[in-house]
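# Structural features, examined
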Amino acid sequence: MSTAHKRTRPPASGLRRFAAPRTSRPEVCELCGAPIDDGNHRHMVDTENRALACACTPCAMLFEQSGAGGGRFRTVPDRYLADPDHQLDPGAWELLQIPVSVAFFFRNASLDRLVALYPSPAGATESELDPSTWQTALGKSRLAELLEPDVEALLLRRVEERTECYLVPVDICYELVGRMRMLWQGFDGGAEARADLTAFFDHIAKRAGTPEEAHRR
């Protein structure tokens with residue numbers, strides 16, 4: 001696998017939150033400065049700086065509107081969808097050149113291309129895909145058609161001979177990267193990281209609706 005298409009630092013085309021250690025200072029909305037709940041608040045994507053910003057409820061609601069603030073900030077949605085009919089065969093997974101069992105994909109609107117990343121001990125590692133690979137690997141998924149640029153991601157997990165596929169908020173993917181970075185041990189992550197990964201996907205599966213429910217969420 002060529003290292004020319006891999007990065008082991010927070011990628012410029014990705015999002016930088018969860019890449020650095022958390023501080024002990026109280027959380028505030030990064031737009032208006034209002035105090036927010038450290039463990040339960042919304043995020044927005046700063047499309048100009050490619051970063052996640054913490055948001056209070058009023059600001060998050062404001063930037064749910066298309067074009068608000070000139071489009072620089074976009075509130076991360078809170079929908080989880082599953083496509084139980086999506087099947088990714090082993091050959092297609094190999095095309096993705098992902099050396100671990102988990103990867104997530106989102107469309108960078110400013111670059112007009114897909115960004116593919118996976119967790120590693122160094123954080124989010126990026127693998128750049130050409131359009132033909134995207135179509136081969138994920139084009140048949142109904143979730144791909146529903147994916148909102150910048151703010152949602154397709155999260156895939158390879159389990160034995162099948163692949164789970166979910167549409168999730170993009171900040172959840174970076175939370176997963178941070179958890180794996182903290183727990184990772186050895187070459188394959190270790191037992192603690194694998195157990196945490198299983199619990200993480202169990203939680204997503206319980207929250208996920210179906211593509212038919214997309215317009216009701």
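Residues numbered from 1 in each chain as written. Predicted model: local features only at pLDDT ≥ 70, side-chain atom pairs only at ≥ 80, totals over all residues. Heavy atoms only, no water.

### Focus: the confidence of the model for the protein chain
For the protein chain, per-residue confidence averages 79 on the pLDDT scale, and 82% of positions sit at 70 or higher. Here strand 1 (residues 6-7) stands out as the element of the protein chain with the lowest mean pLDDT, 42, in contrast to strand 5 (residues 81-82), whose mean of 94 is the highest. The low-confidence segment residues 1-10, where pLDDT is below 50, has 21 contacts with residues more than four positions distant or belonging to other chains. Scored below 50 in pLDDT, residues 17-21 makes 15 contacts in the model with residues more than four places away or belonging to other chains. (pLDDT = per-residue confidence, 0-100. Helix = DSSP H or I, 4+ residues; strand = E, 2+ residues; numbered from the N terminus. Contact = heavy atoms within 4.5 Å.)

### Describing unusual backbone geometry
Of note, the phi angle at arginine 50 is positive, near 55°, even though the residue is not glycine. Within the fold, arginine 50 resides in the loop between strand 2 (42-46) and strand 3 (51-55). Taking the relative accessible area as the measure of exposure, arginine 50 reaches 7% and is therefore buried. Positive phi is not limited to glycine here, since aspartate 112 has a value of about 55°. (Buried < 20%, exposed > 50% of the residue type's maximum accessible area, 1.4 Å probe, protein only.)

### Things to note about the pattern of salt bridges
Tallying each qualifying case throughout the model produces 10 salt bridges. Between arginine 42 and glutamate 64 there is a salt bridge whose closest N-O contact spans 3.2 Å. You can see arginine 42 sitting in strand 2 and its partner glutamate 64 sitting in the loop between helix 1 (57-62) and strand 4 (73-75), a full 22 residues away along the chain. Exposure remark for glutamate 64: the relative accessible area of 45% places this residue in the partly exposed category. (Salt bridge = Lys/Arg side-chain N within 4 Å of Asp/Glu carboxyl O.)

### Considerations on the pairing of strand 2
For strand 2, the buried fraction is high: four of the five residues fall into the buried class. Where strand 2 and strand 3 come together, five bridges link them in antiparallel fashion. Its bridge partner lying in strand 3, arginine 42 is registered against alanine 55. Adjacent in sequence and paired antiparallel, strand 2 and strand 3 are bridged by four residues, among which arginine 50 carries a positive phi angle near 55°. With three bridges connecting them, strand 2 and strand 4 associate as antiparallel partners. Bridging across to strand 4, methionine 44 finds its partner in threonine 75. (Pairing = 2+ DSSP bridges.)

### What to know about the packing of helix 5 (residues 170-183) against helix 6 (residues 190-207)
At their nearest, the axes of helix 5 and helix 6 sit 9 Å apart, and the two run at 160° to each other. When the interaxial angle is binned, helix 5 and helix 6 end up roughly antiparallel. The handedness of the crossing between helix 5 and helix 6 comes out as right-handed. Contact residues: helix 5 offers Ile172, Glu175, Leu176, Arg179, Met180 and Leu183, while helix 6 offers Glu192, Ala193, Asp196, Leu197, Phe200, Phe201 and Ile204. Residue classes in the contact of helix 5 with helix 6 are distributed as nine nonpolar, no polar and four charged. (Axes fitted to C-alpha atoms, helices over the stretch in contact; angles between N-to-C directions. Parallel < 35°, antiparallel > 145°, perpendicular 65-115°, else oblique. Left-handed = near helix turned anticlockwise from the far one by under 90°. Nonpolar A, V, L, I, M, F, W, Y, C, P; charged D, E, K, R; others polar.)

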